[in-house]
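# A look at the structure
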Amino acid sequence: MPAQPRPPLRVLLTRPAAQSARFAAEVAARFPGAEVTVSPLLAPRPIAPDLPPGPHAAVIFTSETAVAAVKGVKGLPRVAWCVGGQTARVAEAAGFQAVAGDGNAALLVAAMLQTMRDAPPPAGRLLHLRGRDARGQVAARLWEAGIPCDEAVVYAQEAQPLSPRAQLLLEDALPVVVPLFSPRTATIFARAAKRARAPLWVAAFSEAVAEEAR
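Residues numbered from 1 in each chain as written. Predicted model: local features only at pLDDT ≥ 70, side-chain atom pairs only at ≥ 80, totals over all residues. Heavy atoms only, no water.

Secondary structure summary: the chain contains 8 helices and 10 strands in total. Taken along its principal axes, the extent of the C-alpha atoms in the chain is 75 × 30 × 30 Å. Relative to all contacts within the chain whose residues are 6 or more apart in sequence, the contacts with residues 24 or more apart total 66%. Approximately 11,900 Å² of the chain is accessible, and the part contributed by carbon and sulfur atoms is 56%. Positive and negative side-chain charges of the chain, numbering 23 and 17 respectively, have mean locations separated by a distance of 4 Å. (Helix = DSSP H or I, 4+ residues; strand = E, 2+ residues; numbered from the N terminus. Contact = heavy atoms within 4.5 Å. Areas by Shrake-Rupley, 256 points an atom, 1.4 Å probe, with all protein chains shown as cover. Lys, Arg positive; Asp, Glu negative; His and termini not counted. Charge placed at Lys NZ, Arg CZ, Asp CG, Glu CD.)

Below is the structure:
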C-alpha cells in the first residue's frame, strides 16, 4: 500500500500586516510548499504624541511600529535604544543612531543599565516612545534603577477579527502552526480560536506570550 502523502505545513500569522509579510517570506524560504495564511489581529494606528518637555538624551523604541509612528516628529534626540535588531534597523533607516537590545524589554533595560554603569550617565532624561498597551514597564524600571525616563504613547494597536480564510483554516481537521509574538495578540487569538477544530501548535515568543495562550 503506497504511503499517504504528508499534508503541507499550515501556518497562521496574526502579526500586523508588514511584520507578517516579512515572516511569511521567511517561512516560504525555509519550508517550500508551506501554506501561509495572514490574518492580522492588530492594526496599528498612530497617535499624535504629547511629548514631555526635554531635554532628552535618547529615545527608547520597544517596537518598530513606534519608530514609524514618530516619523517626521521634530525635536527628538537622534540616539535610540531599540528592543532588538529589526527595530534597530528600522530606526537607523529613519535617521537614528540605534543601539540594539536582545529582543525583549527586560533584556533591553538590563543592557542599558550595564552600559550606564560603565559610562557617565546621560545628560538629560530618556524618553520611551511606546504603544498604548505596552507591558514592559520600561520607564518604571529605569526610574527604579535611578535613571530618569519619561514616556509618551505614540500609537495604538486596534484589535481585528480573524479573516474568513483564517476561520476556515481553524475549522479544518489538519494541524495549524500559530506563531504568537505578544501577550495581547495571544489573548485575542485564544478568544477567537476557542472553538477551533484544528489541532493548534502555538510557537510563543516568550513565557508571557505562552501564559496568555494557555
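Here the narrative resumes, following the displayed structure.
On to the nonpolar core. One broad trend across soluble globular proteins is that nonpolar side chains are buried collectively. With 18 residues, the main nonpolar core has Val59, Phe61 and Leu129 as its most contacted residues. Looking at this core, the elements with two or more residues in it are strand E4 (56-61), helix H2 (64-69), strand E5 (79-82), helix H3 (85-93), strand E7 (125-131) and strand E8 (149-159). (Core = buried A, V, L, I, M, F, W, Y, C linked by side-chain atoms within 4.5 Å. Buried < 20%, exposed > 50% of the residue type's maximum accessible area, 1.4 Å probe, protein only.)

Turning our attention to the side chain of histidine 56. Mapped onto the elements of the fold, histidine 56 is located in strand E4. Residue histidine 56 is classed as buried on the basis of its relative accessible area of 15%. Reaching out from histidine 56, the side chain makes a polar contact with the side chain of aspartate 150 at a distance of 2.8 Å. With residues near it in sequence (within four places) discarded, histidine 56 still touches Pro77, Arg125, Leu126, Leu127 and Asp150. (Polar contact = N/O pair within 3.5 Å; in protein donor to acceptor, adjacent residues only side chain to side chain.)

Considering all chains together, one arrives at 3 aromatic pairs under this definition. Geometrically, the ring pair formed by phenylalanine 61 and phenylalanine 96 is edge-to-face, given 5.2 Å between the ring centres and 80 degrees between the ring planes. You can see phenylalanine 61 sitting in strand E4 and its partner phenylalanine 96 sitting in the loop between H3 and strand E6 (97-100), a full 35 residues away along the chain. Accessibility expressed as a relative area gives 0% for phenylalanine 61, which makes it buried. (Phe/Tyr/Trp six-rings, centres within 6.5 Å; stacked < 30°, edge-to-face > 60°.)

A few words now on the sheet that holds E5. Adjacent strands of a sheet form backbone hydrogen bonds with each other and so pair up, either parallel or antiparallel. Strand order across the open sheet formed by 6 strands is E3-E8-E7-E4-E5-E6, with mixed pairing between neighbours. Each having just a single partner strand, strand E3 (42-46) and E6 make up the two edges of the open sheet. Strand-to-strand twist in this sheet, taken as the mean axis angle between neighbours without regard to direction, amounts to 25 degrees. Bridge count for E7 against E8 is 6 bridges, and the pairing is parallel. Counterpart to arginine 130 in the pairing with E8 is valine 153. (Pairing = 2+ DSSP bridges. Axes fitted to C-alpha atoms, helices over the stretch in contact; angles between N-to-C directions.)

Further remarks concern the side chain of arginine 10. Along the polypeptide, arginine 10 turns up in strand E1 (residues 10-13). The class of arginine 10 is buried, set by a relative accessible area of 13%. When neighbours within four sequence positions are excluded, arginine 10 is seen to be in contact with Glu35, Leu169, Asp172, Leu174, Pro175, Val176 and Val177.

Its boundaries defined by the atoms lining it, the largest pocket holds a volume of some 1,400 Å³. Looking at the largest pocket, it is lined by 46 residues, and the ones nearest its centre are Thr62, Ser63, Phe181, Ser182 and Phe205. A breakdown of the residues in the lining of the largest pocket according to their chemical character gives 16 nonpolar, 18 polar and 12 charged. Counted as a void, the second largest pocket has a volume near 190 Å³. (1 Å grid on protein atoms, 1.4 Å probe; cavity = no way out; pocket = protein on both sides within 12 Å on 5 of 7 lines; lining within 4 Å. Points joined across faces, edges and corners; volume = space filled by probe spheres on them. Nonpolar A, V, L, I, M, F, W, Y, C, P; charged D, E, K, R; others polar.)

Bringing unusual backbone geometry into the picture now. Cis geometry is found at the peptide bond from glycine 54 to proline 55, where omega equals 5 degrees. By secondary structure assignment, the location of proline 55 is in the loop between E3 and E4. We note that glutamine 137 has phi near 55 degrees; this positive angle belongs to a residue other than glycine. As for its position among the elements, glutamine 137 is in the loop between E7 and helix H5 (138-144).

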